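# Analysis of the macromolecular model
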Amino acid sequence: MVAFWILAVVSVAAALGMIFQRKAVYSALLLAVVMLSLAALYAVQDAPFLALVQVIVYTGAVLMLFLFVLMLVGVATVDSLVETLSGQRIWAAVAGLGFAGLLVFGIGNAVFAADAGLAAANGEGNVMGLARLIFNKYVFAFEVTSALLITAALGAMVLAHKERVSPKANQRQLSEQRFKSGEHPGNLPSSGTYARHNAVDMPALLPDGSVAERSLNPVLTARGDTVDRHADLAGESQTEAIAGDVEAVEKTVEEAQK
Amino acid sequence: MSHYLILSALLFSIGAVGVLIRRNAIVVFMCVELMLNATNLAFVSFSKMHGNLDGQVIAFFVMVVAAAEVVVGLAIIMTIFRSRRSSSVDDASLLKY
Amino acid sequence: METHLVAATGLQAYAWLLIALPLAGAAILLLGGRATDKWGHYLATALSGGAFVLGFLMFWQMLGYPGEERARSVHLYQFIKTGSVDVDMGLLLDQLSISFVLLITFVGTLIHVYSIGYMAEDANRRKFFAYLNLFVASMLLLVLADNYLGLFVGWEGVGLASYLLIGFWQHKPTAAVAAKKAFVVNRVGDMGLAIAMMLMFATFGTVSYTGVFGLVENPAVSEGVMTALGLLLLLGACGKSAQLPLQSWLLDAMEGPTPVSALIHAATMVTAGVYLIVRSGVIFEASPTAQLVVAIVGAVTLLAGAIIGCAKDDIKKALAGSTMSQIGYMVLAAGLGPVGYVVAIGHLITHGFFKAGMFLGAGSVMHATEDDVNMRRYGALRKLLPITFGTFFLGYLAIIGVPPFAGFFTKEGIIEAAWDQNVVLGVCAIAGAAITAFYMSRLMFMTFFGEKRWDPDVHPHESPAVMTVPLVILAVGSAGMGAFLMLGGRFESFLEPVTRTPHAEHHLITLNGVVTLVLVAVGVAIAWVKYGARPVPQTAPQGSALTTFARKDLYGDALNESLFMRPGQWLTRLAVFFDNRGVDGLVNGLAALIGGTSGRVRRLQTGYVRSYALSMFLGAGLLVAALLVVRI
């Protein structure tokens, strides 16, 4: 009973958190909490097979599928707080509370016999008992579910498949397209080339010593201080700057020889 | 034994309210899953109450069907998202007066 | 009356040919189209003449039988067969119908001949002759049918032909309107006839003459039914014969070509009402009330027509007023019972001759003066149109009743019979004769005497022979027909088996006759003083209230308009209003209600899945609640 109360509180809290959490990923994780709690409750109720299936299939496969799709659709999707349908929230609350109240009232008023317990049914073990039922009494339903699963798999494949409507472009067409677009046709220079050091924020220098802005991440370029970082380039003229550079190199060599 | 059933009812109602108030199709789907899990809890409880395993078998079948449903449902959501760049159920409201 | 009808033998068995010949002519001319333009009018005339020859041969055959056995029937086919109503179509050849056949075909043929000349210039001459043939066929069916339904078919046929011929020059709006008016007014009368037939079916179960007349004396049939029947038949007769109160169409009908006015609106069709009354004599004799009404209608119309005739300057309208008046005489006579039938039919035949002659004469005058109908622009035509004048003058003498011309014998007979029956009717008849003398003399003096008043560029000339020959023949009839028929009771004894006229001594010279002749002389004298001795003004003078009253057709049109047309228009407007607002409003309102409601309910379909889910969830909650309520 202790387990029940703990798990009940946890699962209801997690469920409420799930529906009120704005970020979808948090909702999914809270749903995982609910499912794991339910798995524990199944185990408590003499249903070890279902408990494991719950953990493996639901929490392990289905929820992971959810997370996967969330990743594809965009993790950042956040529900806006503004409800567009007038009265939807109030009526949803009324309906939800009313429905819960009705069910609780109904269950509370029902008279239950004492638990029969599953000791007898699980005599051979829970899995054996279930297997006997599934492969005898419910074998037809079981076969039908297999058909359902195959259909679902096929359906998912058909839905997710994207038909190619135009032929695939070959190398030549791709390169023509690249030049037509007017953008830089080849690879961009990487940062730090010919520069004093090759940090990501250090723009490359072109053979004439000028700064290649495109070698940097646009975000860094937008800060507008790329040229300042080449303070050592700021000489009177190009020769002077090179001479300065040579001097600096010689000085470094001398220090190394000491 | 009615505790389990009441817990099941509460979870079911919470799931239903979630379906009604959330707009993200994936979250709505998760709420549906919550409702299915709530019914599974009730089935398992009834199984224990009646002393046979039929309830557990039904719960098992529910899980299978739910898995199939999730696969197809998520595929549909993906297709919709691909064409409309949105996963809000309110955006798919062209079929009206 | 039980009439034993012997089936016709010999030539008479082919009596249907009488109708078929002109009908075939109409069909050939109408269906043949322009291909028949060249010879169509000769064919039509020949077929009409053929019908006359056939009719005359049948008449000759009839004369070979003894008096009581002269009525012969020709069964043609079963017209209508239902559970309780059987109508056999057959023809009845008896003394009455053969008289009409001879009149119709003879006058009809003459008018066909005349029309060849009169319509020579008209582009649609072929169609005109087709309609004339159609008319002759329908009129023959009308008089030959041995039952009321057959008569009705012919009755409608002549109505149609009349409509087509009045509106023959439909490019003139007046002609089109006149044709429509004639058609509509005739429908009122036709309705009376139709209801009369229904009443016959309901009362006697048959519409054949022998069947109906055989059952009239059945004591089970009340006099009220007979009176209703008589009045309904009279209504039909009034419509067709232009008697009050359905007289208004005849004057307008003069818009048609003159031969049409002569044939249809003077000699034959307008006398169909008289034929109907005489043919249904048995019914009228069973109801003295209906008979009296017939006589009153006749007397009033003969005075009304005469008064209208006095005021008209249009030569054809003056003659039309005269026609109304003369038919009034016939109807008056027919209303007197068997004593009047013979004179009614006799006057009908002589009138057919002299009035047709005078109409054709008027046509000849119009032909000479470039279709001018205003008598105030005639004058002094007797020298230029000698044949027309001569024939017209004979017709004039016949109509005013100068002995020994035709009208004297027959009209005198009517006046005498009316005087014997009822003094008031007799006085009316005598007064009518005096007025007739006045207006006919006025017409004569204005047209043929005095000084010439036509435009200088009009050059009156005598018509071609094809027009004058029929005039001469008709004039001979006008002069001698009365004496031929009436002297020695020849026509009376011929018709006696049909009309059952009691034989009576007739004196040529009676007190009434003398008084009438004196009054006729006075009428002629007044006309001479007013129109012969004095010059006639070109434009009509203002005249007294009585003149205006007569010029306006006794306000018949105004009466019809205010009594029937205006309320009818109001009624239709009311119906249209009710239809628009009431019926349409209901239907449209319902549609708008449903449309509006669905337009609002439609808004529930927001397209938002979550709204639908909410309603589903609320519904599920309600279901759970209901289950709980039931269980607990």
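Residues numbered from 1 in each chain as written. Chains lettered and ligands numbered in written order. Predicted model: local features only at pLDDT ≥ 70, side-chain atom pairs only at ≥ 80, totals over all residues. Heavy atoms only, no water.

Across its full length, chain B holds three helices and zero strands. Reading chain B from its N terminus to its C terminus gives the helix and strand order α-α-α. Counting every position in chain B, which comprises 97 residues, the buried fraction comes to 66%. Intrachain contacts of chain B at a sequence separation of at least 6 include 56% that bridge at least 24 residues. Accessible area for chain B stands at about 3200 Å²; split by element, carbon and sulfur atoms hold 70% of it. (Helix = DSSP H or I, 4+ residues; strand = E, 2+ residues; numbered from the N terminus. Buried < 20%, exposed > 50% of the residue type's maximum accessible area, 1.4 Å probe, protein only. Contact = heavy atoms within 4.5 Å. Areas by Shrake-Rupley, 256 points an atom, 1.4 Å probe, with all protein chains shown as cover.)

Bringing the overall build of chain A into the picture now. Along chain A, the regular secondary structure elements total nine helices and two strands. What you see in chain A, going N to C, is helices and strands ordered as α-α-α-α-α-α-α-β-β-α-α. Burial analysis of chain A (258 residues in total) assigns 28% to the buried set. Long-range contacts, defined as pairs at least 24 residues apart, comprise 42% of the intrachain contacts of chain A with a sequence gap of at least 6.

Now for the packing of helix α13 (residues 288-311) of chain C against helix α14 (residues 315-334) of chain C. Residue and element names in this part refer to chain C. Put simply, α13 and α14 touch, their axes get as near as 7 Å, and they point 160° apart. Judged on the interaxial angle alone, α14 and α13 are roughly antiparallel. The hand of the α13/α14 crossing is left-handed. The residues of α14 that touch α13, namely those facing Val-294, Ala-295, Gly-298, Ala-299, Thr-301, Leu-302, Gly-305, Ala-306, Ile-308 and Gly-309, are Ala-318, Gly-321, Ser-322, Met-324, Ser-325, Gly-328, Tyr-329, Val-331, Leu-332 and Ala-334. In the contact of α13 with α14, the residues fall into 12 nonpolar, eight polar and no charged. (Axes fitted to C-alpha atoms, helices over the stretch in contact; angles between N-to-C directions. Parallel < 35°, antiparallel > 145°, perpendicular 65-115°, else oblique. Left-handed = near helix turned anticlockwise from the far one by under 90°. Nonpolar A, V, L, I, M, F, W, Y, C, P; charged D, E, K, R; others polar.)

On to the interface of chain B and chain C. The figure often quoted for interface size is the accessible area lost as the parts come together. Listed as interface residues are 13 residues of chain B and, on the opposing side, 11 residues of chain C. When the buried area of chain B at its contact with chain C is split by residue, Leu-20, Asp-90 and Tyr-97 of chain B rank highest and sum to 56% of it. Applying the counting criterion to the chain B and chain C interface returns one salt bridge. Close ionic contact of Arg-610 of chain C with Asp-90 of chain B constitutes a salt bridge, the shortest N to O distance being 2.6 Å. Between chain B and chain C we count three residue pairs in polar contact (both at pLDDT 80 or more) in total. (Buried area = accessible area lost by both parts, 1.4 Å probe. Salt bridge = Lys/Arg side-chain N within 4 Å of Asp/Glu carboxyl O. Polar contact = N/O pair within 3.5 Å; in protein donor to acceptor, adjacent residues only side chain to side chain.)

Attention shifts here to the sheet that holds strand β3 (residues 86-93) of chain C. Strand order in the open sheet formed by three strands is β1-β2-β3 (chain C), with mixed pairing between adjacent strands. Because the sheet does not close on itself, it has two edges, and the strands there are β1 (6-7) and β3 of chain C. (Pairing = 2+ DSSP bridges.)

Let us now look at the UniProt feature "transmembrane region" (unreviewed entry) in chain B. All names here are of chain B. Within the UniProt annotation, "transmembrane region" (unreviewed entry) is assigned to residues 26-46 and 58-81. In residues 26-46, the share of helix is 100% and the share of strand is 0%. The end C-alpha atoms are 30 Å apart. The distance from the first to the last C-alpha atom of residues 58-81 is 34 Å, and the span holds 100% helix and 0% strand. (UniProt positions renumbered as here; feature names shortened; annotations may be inferred.)

Taken together, the side chains of Lys-162, Arg-164 and Lys-168 of chain A together with Arg-82 and Arg-85 of chain B make up a positively charged region of the molecular surface. Tracing the sequence through the fold places Lys-168 of chain A in the loop between α6 (139-160) and α7 (171-180). (Patch = residues over 30% accessible without salt bridge, like charges linked within 9 Å, V, L, I, M, F, W, Y side chains within 5 Å. Lys, Arg positive; Asp, Glu negative; His and termini not counted. Charge placed at Lys NZ, Arg CZ, Asp CG, Glu CD.)

Residue and element names in this part refer to chain C. With six of its eight residues buried, β3 lies for the most part within the structure. Here eight bridges tie strand β2 (residues 72-81) to β3, and the two strands are oriented antiparallel to one another. When the bridges of β3 are listed, Ile-80 appears paired with Val-87. Turn length for the β2-β3 hairpin, with the two strands adjacent in sequence and antiparallel, is four residues.

Summarising the sheet, β1 of chain C and β2 of chain C pair through two bridges and their orientation is parallel. Among the inter-strand pairings, Ala-7 of chain C is bridged to a residue of β2 of chain C, identified as Ser-73 of chain C.

Within this structure, the stated rule accounts for 13 salt bridges over all chains. Between Asp-54 of chain B and Lys-137 of chain A there is a salt bridge; the shortest N-O distance is 2.6 Å. With Asp-54 of chain B in helix α3 (residues 54-84) and Lys-137 of chain A in helix α5 (residues 126-137), this pair bridges two chains. Here Glu-156 of chain C ties to Arg-187 of chain C by a salt bridge, and the two come within 2.7 Å at their closest N and O atoms. Here Glu-156 of chain C is found in helix α5 (residues 148-166), whereas its partner Arg-187 of chain C is found in helix α6 (residues 173-204), with 31 residues between them in sequence. Judged by relative accessible area, which is 25%, Glu-156 of chain C ranks as partly exposed. One network of salt bridges, in which partners are shared, links Glu-156, Arg-187 and Asp-190 of chain C.

Mean pLDDT over chain B stands at 89; residues scoring 70 or higher make up 99%. Interface confidence for the predicted complex, given as ipTM, is 0.93, next to a pTM of 0.63. (pLDDT = per-residue confidence, 0-100.)

Together, Tyr-14, Trp-16, Leu-76, Tyr-77, Phe-79, Ile-80 and Val-153 of chain C make up an exposed nonpolar region whose accessible area comes to about 600 Å². With respect to the helices and strands, Trp-16 of chain C occurs in helix α1 (residues 16-32).

Another aspect to go through is the nonpolar core. Among the nonpolar cores identified, the biggest contains 188 residues, and Tyr-148 and Ile-283 of chain C are the most heavily contacted of them. Examining the composition of this core, we find that 17 residues originate from one element, helix α15 (residues 338-368) of chain C, more than from any other. Not counting residues up to four positions away in its chain, the partners in contact with Tyr-148 of chain C are Met-197, Met-200, Val-207, Tyr-209, Phe-213, Leu-233, Leu-276, Ser-280 and Ile-283 of chain C. With 75 residues, the next largest nonpolar core counts Val-69 and Ala-95 of chain A, Ala-25 of chain B together with Leu-614 of chain C among its residues. (Core = buried A, V, L, I, M, F, W, Y, C linked by side-chain atoms within 4.5 Å.)

Leaving glycine aside, a negative phi is the common case for residues, and trans is the common case for peptide bonds. Cis geometry marks the peptide bond from Leu-244 of chain C to Pro-245 of chain C; its omega dihedral reads 5°. The topology assignment puts Pro-245 of chain C in the loop between α8 (223-241) and α9 (248-252). In this structure, Asp-46 of chain A takes a positive phi of about 65° despite not being glycine. Considering the arrangement of structural elements, one finds Asp-46 of chain A in the loop between α2 (24-44) and α3 (48-73). Asp-46 of chain A sits in the partly exposed class, given a relative accessible area of 30%. Although it is not a glycine, Ala-242 of chain C sits at a positive phi angle of roughly 55°.

Across the contact, 64 residues belong to chain B and 81 residues belong to chain A. Both sides together, the interface formed by chain B and chain A hides about 6700 Å², and carbon and sulfur atoms give 75% of it. The interface formed by chain B and chain A includes one salt bridge. Our count for the chain B to chain A interface comes out at 16 residue pairs in polar contact (both at pLDDT 80 or more). Where the side of chain B that touches chain A is concerned, the elements lending two or more residues are α1 (2-21), α2 (25-50) and α3 of chain B. With 22 residues, α3 of chain B is the largest single contributor of residues to the side of chain B that touches chain A. When its residues are assigned to classes, the side of chain B that touches chain A shows 42 nonpolar, 15 polar and seven charged.

Here we take up the packing of aromatic side chains. For any pair of aromatic rings, the description consists of the separation of the ring centres together with the inter-plane angle of the planes. Per the counting criterion, the structure on display carries 34 aromatic pairs over all chains. The interplanar angle of 70° and the centroid separation of 6.0 Å between the aromatic rings of Phe-66 of chain A and Phe-29 of chain B together place this pair among those described as edge-to-face. Separated into two different chains, Phe-66 of chain A in helix α3 and Phe-29 of chain B in helix α2 make up a pair that spans both. As far as the burial class goes, Phe-66 of chain A and Phe-29 of chain B line up, both buried. Here Tyr-131 of chain C and Phe-168 of chain C contribute two aromatic rings whose centre-to-centre distance is 6.3 Å and whose plane-to-plane angle is 85°, an arrangement assigned as edge-to-face. Taken together, the positions of Tyr-131 of chain C in helix α4 (residues 125-144) and Phe-168 of chain C in the loop between α5 and α6 put the pair 37 residues apart, joining distant regions of the chain. For Tyr-131 of chain C, a relative accessible area of 13% translates into the label buried. Within the aromatic cluster, the residues linked to one another by ring pairs are Phe-52, Phe-56, Phe-59, Trp-60, Phe-106, Phe-353, Phe-491 and Phe-494 of chain C. Over the face of the ring belonging to Phe-183 of chain C we find Arg-187 of chain C, whose NZ or CZ atom lies 4.2 Å from the ring centre. Stacked on the ring of Trp-570 of chain C, the Lys or Arg Arg-573 of chain C has its end atom at 4.9 Å from the ring centre. (Phe/Tyr/Trp six-rings, centres within 6.5 Å; stacked < 30°, edge-to-face > 60°. Lys NZ or Arg CZ within 6 Å of the ring centre and 35° of its normal.)

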